Amino acid sequence: MNKSFLWGSSISGGQCEGGYSSRSETVVDIIPQGKETRIKYLNQPGIYMQRPEGFYPSQKGVEFYENYKEDIALYGQMGLKALRFSVLWSRIFLDDSLEPNEEGLKFYDDVINELLKYNIEPIITTIHFDMPLWVVEKYNGFVNRKVVDLYEHYVRTIVQRYHNRVKYWISFCEINVMNHMLYMVGGTVLKEGEDREEVLHQCAYHKLLANARLVKVCHEIDSELKVGCEVAGTPYYPLTSLPEDYQLMIEEQRKDSRYTDVMVKGHFPYYFLKKLKEYHVEIKEEDMEEMKKHTLDFIAVSYYKTSLASTEGVRDNPRLEKTAFGWTIDPKGFRIMLNQMYERYEKPIMVVENGLGTYDQVEDGKIHDDYRIEYLEKHIEQMELAIEDGVEVIGYLTWAAMDVVSTSEGMMSKRYGFIYVDREDDGSGTLERIPKDSFYWYQNLINERMK
Ligand code: BG6
């Protein structure tokens, strides 16, 4: 294994930081805990824009804001070579005054310096489902072209500040998840009577333009910087050998690959362009030029599961096992996804998320999470087979370095981390950090692979 390979892990600001009083709110701060409501309101926040009483887990996270030194010391002890985290736009710009908040900038200076102290490569995501709420309330998110300029101003500020210490930049977390979560990923609230697909296509166009702006800013400031955008890599298999199922599989995959195509190849695939026109998106020549010129250096992917496409809609694969939270487990799909991605784009791939979200039990102060170790081992094995196939993978970052608030459920008890955090779903707990068995397993794996 290449010695420069980035063995690491990921976290995100909206899921771990807390530090609520020293920043402005983000899109997830106003979504309460609870699976039933959560998915629905991550798409359309509805009544939550009026802030009813309830427990709002993202406002507290796991208090990384206060504990970052101790947490990063544990990541150092684990031997992580890289940590991906998100900068909170809402910490850098408290409103649209264009004046950055020095206290916020200083916080990430400290985080970066702390990581470098342990030789951990800092990797920044500029928005990880944590867009400022003021962008939603004032501009309605990426449906509004003005937000592309605001985003450019934000990223120019942070790239200028951190570029001498941060080489890898990721524009957005899972841009293609916007297909389902318009509010959380696009920052856009659908108004009554609006056509969802029309609004989604407008948001997509602006987000892709914003991605090109990050590439432009990074390369202008420092030509050595490497820029990626994260896409959720979810391969589809056809349910049956019916040609109709195969056709539907292609259509499902296109909903995801249309974003990557633009960001890597620099132009819109014909079927995407056709839809943009049908949905009356204003396509400007100068935007097309920007997107053509400023393409990604690498592709960041997350991998959790695969799905089946059929004439009856998207289905779970009945031949695969599922996690306690109903996500299919398909390590072989990981090799397939990496090969498909590399074949299509021939760009280096950084795996920026992969992991098992499940319940953990503390027994005598320890967490014996052999199920997580088994899950990760099987996925790493398939990734290494993909590398043997010839796929250029430059890093493997698990989700997550420590337990954080889950995105889809808003629960603490859906745990992904190598480090247990004593916080319950209702926010109670001591916040004590306890390394799980998987912590020592990953430490050992990194040691072995770096020999
Ligand atoms: C990814 C997100 O989609 O999946 C993370 O980037 C998220 O933010 C992770 O936490 C796992 O999803 P969940 O809903 O189980 O937390």
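The text that follows walks through the structure, step by step, so that each part is easy to find. Being a predicted model, the structure only gives us computed values, none of them experimental.

Some words on the overall build of the protein
Of regular secondary structure, the protein possesses 15 helices and 14 strands. Relative to the compact-globule value of 22 Å for 451 residues, the protein shows a C-alpha radius of gyration of 21 Å, a close match. For the protein, the C-alpha atoms occupy an extent of roughly 60 × 55 × 45 Å along the three principal directions. Scored against the burial criterion, the 451 residues of the protein give a buried share of 60%.

As for the pattern of salt bridges
Scanning the entire structure with this criterion turns up 35 salt bridges. In this structure, Glu 102 engages Arg 161 in a salt bridge whose closest nitrogen and oxygen atoms are separated by 2.8 Å. Here Arg 161 lies in helix H7 (residues 146-162) and Glu 102 lies in helix H5 (residues 102-117), a separation of 59 residues in the sequence. The closest approach of N and O atoms between Asp 369 and Arg 372, which form a salt bridge, is 2.8 Å.

Here we look at the nonpolar core
By size, the foremost hydrophobic cluster in this structure holds 134 residues, and its most contacted members are Tyr 75 and Trp 89. Element by element, the count of residues in this core is highest for helix H9 (residues 196-221), at 13 residues. By size, the runner-up hydrophobic cluster in this structure holds 11 residues, among which are Ile 123, Ile 170, Ile 394 and Leu 397.

Comments concerning the sheet that holds strand E3 (residues 121-127)
Taken together, nine strands build an open sheet; the order of strands is E5-E4-E3-E2-E1-E12-E11-E8-E6 and the sheet is parallel. With partners counted over all chains shown, the strands left at the sheet margins are strand E5 (226-228) and strand E6 (230-232), one partner each. Sheet twist, expressed as the mean angle between neighbouring strand axes with direction ignored, is 25°. Along the sheet, H9 contacts E3, strand E4 (168-172) and E5; its crossing angle with E4, the most-contacted strand, is approximately 160°.

Quick look at the environment of Lys 347
On the secondary structure map, Lys 347 appears in the loop between helix H13 (331-345) and strand E11 (349-353). The exposure class of Lys 347 is partly exposed, given its relative accessible area of 24%. If near-sequence neighbours (up to four positions away) are discounted, Lys 347 is found in contact with Val 264, Leu 296, Asp 297, Ile 299, Tyr 342 and Glu 392. For Lys 347, the side chain forms a polar contact with the main-chain oxygen of Leu 296, separated by 3.5 Å.

Focus on the site of the ligand
Residues in close proximity to the ligand total 14 residues, the closest being Glu 174, Glu 353, Ser 408, Lys 414 and Tyr 416. Glu 174 is positioned such that a nitrogen or oxygen atom in its side chain is 2.5 Å from an oxygen atom of the ligand. Bound to the protein, the ligand loses 94% of the 380 Å² it would expose on its own. Here the ligand occupies the largest pocket.

Focus: the layout of surface pockets
To locate leftover empty space, one rolls a probe as large as a water molecule over the atoms. Its volume calculated, the largest pocket comes out at about 1200 Å³. What lines the largest pocket is a set of 50 residues, among which Asn 176, Val 177, His 180, Ala 232 and Thr 234 lie closest to the centre. Counting residues per element, the ones that place at least two in the lining of the largest pocket are helix H2 (35-43), H9, helix H10 (243-265) and helix H11 (270-278). Of the residues forming the lining of the largest pocket, the biggest block, six residues, is contributed by H10. Class assignment for the residues of the lining of the largest pocket results in 20 nonpolar, 14 polar and 16 charged. In this model, the second largest pocket occupies a volume close to 370 Å³. Lining the second largest pocket we find 18 residues, and of these Gln 253, Ser 257, Gln 340, Met 341 and Arg 344 sit closest to its centre. Looking at the lining of the second largest pocket, the elements with two or more residues in it are E6, H10 and H13. Among the elements that line the lining of the second largest pocket, the one with the most residues is H10, at six residues.

Here we look at the pairing of strand E12 (residues 393-399)
For E12, a buried count of seven out of seven residues is recorded, marking the element as mostly surrounded by other parts of the structure. In this structure, strand E1 (residues 6-10) lies alongside E12, joined through five bridges in parallel fashion. Looking at the pairing, Ser 9 lines up with Thr 398 of E12. Bridge analysis of E11 against E12 gives three bridges, and the strand direction is parallel. Within the sheet, the bridge partner assigned to Ile 349 lies in E12 and is Val 393. Regarding topology, helix H14 (residues 370-389) serves as the crossover connection from E11 to the parallel E12, and that connection is right-handed.

Definitions and limits used
- Throughout, residues of each chain are indexed from 1 in the direction in which the sequence is written.
- Totals for whole chains, interfaces and linings use all residues, but because this is a predicted model, local features are given only for residues with pLDDT of at least 70 and pairs of side-chain atoms are given and counted only at 80 or more.
- Note: side-chain values were computed over all heavy atoms of the structure, leaving out hydrogens and water.
- Elements are defined by DSSP. Helices are runs of H or I of four residues or more, strands are runs of E of two residues or more, and each kind is numbered from the N terminus.
- Atoms considered for the radius of gyration are the C-alpha atoms alone. The globule rule reads 2.2 Å times the number of residues to the power 0.38.
- Only protein chains enter the accessibility calculation, which uses a 1.4 Å probe; a residue whose area is less than 20% of its type maximum is buried, one above 50% is exposed, and one in between is partly exposed.
- Here, a salt bridge means any side-chain nitrogen of Lys or Arg that lies within 4 Å of a carboxyl oxygen of Asp or Glu.
- As used here, the term nonpolar core means buried Ala, Val, Leu, Ile, Met, Phe, Trp, Tyr and Cys residues forming a set that is joined through side-chain atoms within 4.5 Å.
- One requirement defines pairing of two strands: DSSP has to find at least two bridges between them.
- Axis lines are fitted through C-alpha atoms, for helices just across the contact stretch, and the angle between N-to-C directions can take any value from 0 to 180 degrees.
- By definition, residues are in contact when any of their heavy atoms lie within 4.5 Å.
- Each polar contact in these results corresponds to two N or O atoms within 3.5 Å; when the atoms are within protein, one needs to be able to donate a hydrogen and the other to accept it, and residues that are neighboring in sequence are counted only if both atoms are side-chain atoms.
- Near is defined per residue: the residue qualifies when any heavy atom it owns lies within 4 Å of the molecule or strand.
- All accessibility values rest on the Shrake-Rupley procedure with a 1.4 Å probe; residue burial counts only the protein chains present in the view.
- Cavities and pockets were defined on a 1 Å grid built from protein atoms only: a cavity is a group of points that admits a 1.4 Å probe but offers it no way out, a pocket is an open group of points flanked by protein on both sides within 12 Å along at least five of seven lines, and a lining residue is one with an atom within 4 Å of any such point.
- A cavity or pocket is said to hold a molecule if more than half of that molecule's atoms lie within 2 Å of its grid points.
- Grid points are joined across faces, edges and corners, and a volume is the space filled by probe spheres set on the points.
- Each residue gets one of three labels, nonpolar for Ala, Val, Leu, Ile, Met, Phe, Trp, Tyr, Cys and Pro, charged for Asp, Glu, Lys and Arg, and polar for the others, Gly among them.
- A crossover counts as right-handed when, viewed with the strands pointing away from the observer, the path leading from the first strand over the helix to the second turns clockwise.

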